Amino acid sequence: QVQLVESGGGLVQAGESLRLSCVVSGRTIGIYTMGWFRQAPGKEREFVATINWNGDNTYYRDSVAGRFTISRDNAKNTVYLQMNSLKPEDTALYICAAPSTPVAGPEDVAANMYLEHWGRGTLVTVST
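In this text the structure is predicted, and so the values were computed from the model without any measurement.

(A) Spotlight on unusual backbone geometry. One non-glycine residue, asparagine 77, adopts positive backbone phi at about 55°. Within the secondary structure layout, asparagine 77 lies in the loop between β7 (68-73) and β8 (78-83). Even without being glycine, serine 85 reaches a positive phi, approximately 50°.

In structure tokens:
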């Protein structure tokens, strides 16, 4: 059974940073694209960032590009999201996701294609 467990969320002020982690069990992630999504209160879930199997291809939504960095440590079966210069509009539940097939690339996962496994999320709140 594949499980994704996120951590690292919290309450910060605008301009500060957070680093989220997603630890995966039940599957070796080394051949899979991984992704971070978020869902703000009253809004639909949206993709934030995705990363291919070896980390040399990443994809970001426009509003976080240049501020957020997705990375991975396949030896630790973990994916990270470094978030800098946080803004109040970044407030959301941040959720890690994995596809069902190694065929899925970063843009596929960003478009919600092939997604099968989801974590429960970690809450990020950014105050003014």
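(B) Structural view of the environment of alanine 97. Of note, alanine 97 is situated in strand β9 (residues 92-99). Using a relative accessible area of 0% as the deciding quantity, one classes alanine 97 as buried. It is 20 Å that separates the C-alpha atoms of alanine 97 and glycine 10, two residues lying 87 residues apart in sequence. Alanine 97 has contacts with Leu4, Met34, Gly35, Phe37, Leu115, His117 and Trp118, leaving out every residue within four places of it along the chain.

(C) View of the state of the cysteines. Under the counting rule described, the total for this entry stands at 1 disulfide. Linked covalently through their sulfurs, cysteine 22 and cysteine 96 form a disulfide whose S-S length is 2.2 Å. Between cysteine 22 and cysteine 96 the disulfide shows an S-S torsion of about -85°. By sign, it is left-handed. One end of the pair, cysteine 22, is in strand β3 (residues 18-25); the other, cysteine 96, is in strand β9, and 74 residues separate them in sequence. Pair check on accessibility: cysteine 22 and cysteine 96 agree, each one buried.

(D) Representation of the nonpolar core in the model. Grouped together as the largest cluster of nonpolar side chains are 27 residues, with contacts concentrated most on Met34, Trp36, Leu81, Met83 and Tyr94. Where this core is concerned, the elements lending two or more residues are β3, β4 (34-39), β5 (46-51), β7, β8, β9 and β11 (122-127). Filtering out sequence-adjacent residues up to four positions away, leucine 81 remains in contact with Leu18, Arg19, Leu20, Trp36, Val48, Ala49, Phe68, Thr69, Ile70 and Tyr94. In this structure, Phe37, Ala104, Ala110 and Leu115 belong to the second largest nonpolar core, which totals 7 residues.

(E) Spatial organisation of a nonpolar patch on the surface. Among the surface-exposed residues, Val103, Met113 and Tyr114 lie close enough to one another that they form a single nonpolar patch of about 290 Å² accessible area. Along the polypeptide, tyrosine 114 turns up in the loop between α1 (106-110) and β10 (115-118).

(F) Geometry of the pattern of salt bridges. A complete count under the given rule lists 4 salt bridges for this structure. With a closest N to O distance of 2.8 Å, aspartate 90 and arginine 67 form a salt bridge. Residue aspartate 90 is found in the loop between β8 and β9, and its partner arginine 67 is found in the loop between β6 (58-60) and β7; the two are separated by 23 residues along the sequence. One connected set of salt bridges, linked through shared partners, spans Arg38, Glu46, Arg61, Arg67 and Asp90.

(G) Structural detail: the packing of aromatic side chains. All told, the structure shown has 2 aromatic pairs when counted by the stated rule. The interplanar angle of 65° and the centroid separation of 5.1 Å between the aromatic rings of phenylalanine 37 and tryptophan 118 together place this pair among those described as edge-to-face. Here tryptophan 118 lies in strand β10 and phenylalanine 37 lies in strand β4, a separation of 81 residues in the sequence. The exposure class assigned to phenylalanine 37 is buried, which follows from its relative accessible area of 1%. Ring plane angle 10° and centroid distance 5.4 Å describe the contact between phenylalanine 47 and tyrosine 59, whose orientation is recorded as stacked. With a gap of 12 residues between them, phenylalanine 47 in strand β5 and tyrosine 59 in strand β6 connect regions that are remote in the sequence.

Rules behind the numbers
- Residues numbered from 1 in each chain as written.
- Predicted model: local features only at pLDDT ≥ 70, side-chain atom pairs only at ≥ 80, totals over all residues.
- Heavy atoms only, no water.
- Helix = DSSP H or I, 4+ residues; strand = E, 2+ residues; numbered from the N terminus.
- Buried < 20%, exposed > 50% of the residue type's maximum accessible area, 1.4 Å probe, protein only.
- Contact = heavy atoms within 4.5 Å.
- Disulfide = S-S within 2.5 Å.
- Core = buried A, V, L, I, M, F, W, Y, C linked by side-chain atoms within 4.5 Å.
- Patch = residues over 30% accessible without salt bridge, like charges linked within 9 Å, V, L, I, M, F, W, Y side chains within 5 Å.
- Areas by Shrake-Rupley, 256 points an atom, 1.4 Å probe, with all protein chains shown as cover.
- Salt bridge = Lys/Arg side-chain N within 4 Å of Asp/Glu carboxyl O.
- Phe/Tyr/Trp six-rings, centres within 6.5 Å; stacked < 30°, edge-to-face > 60°.

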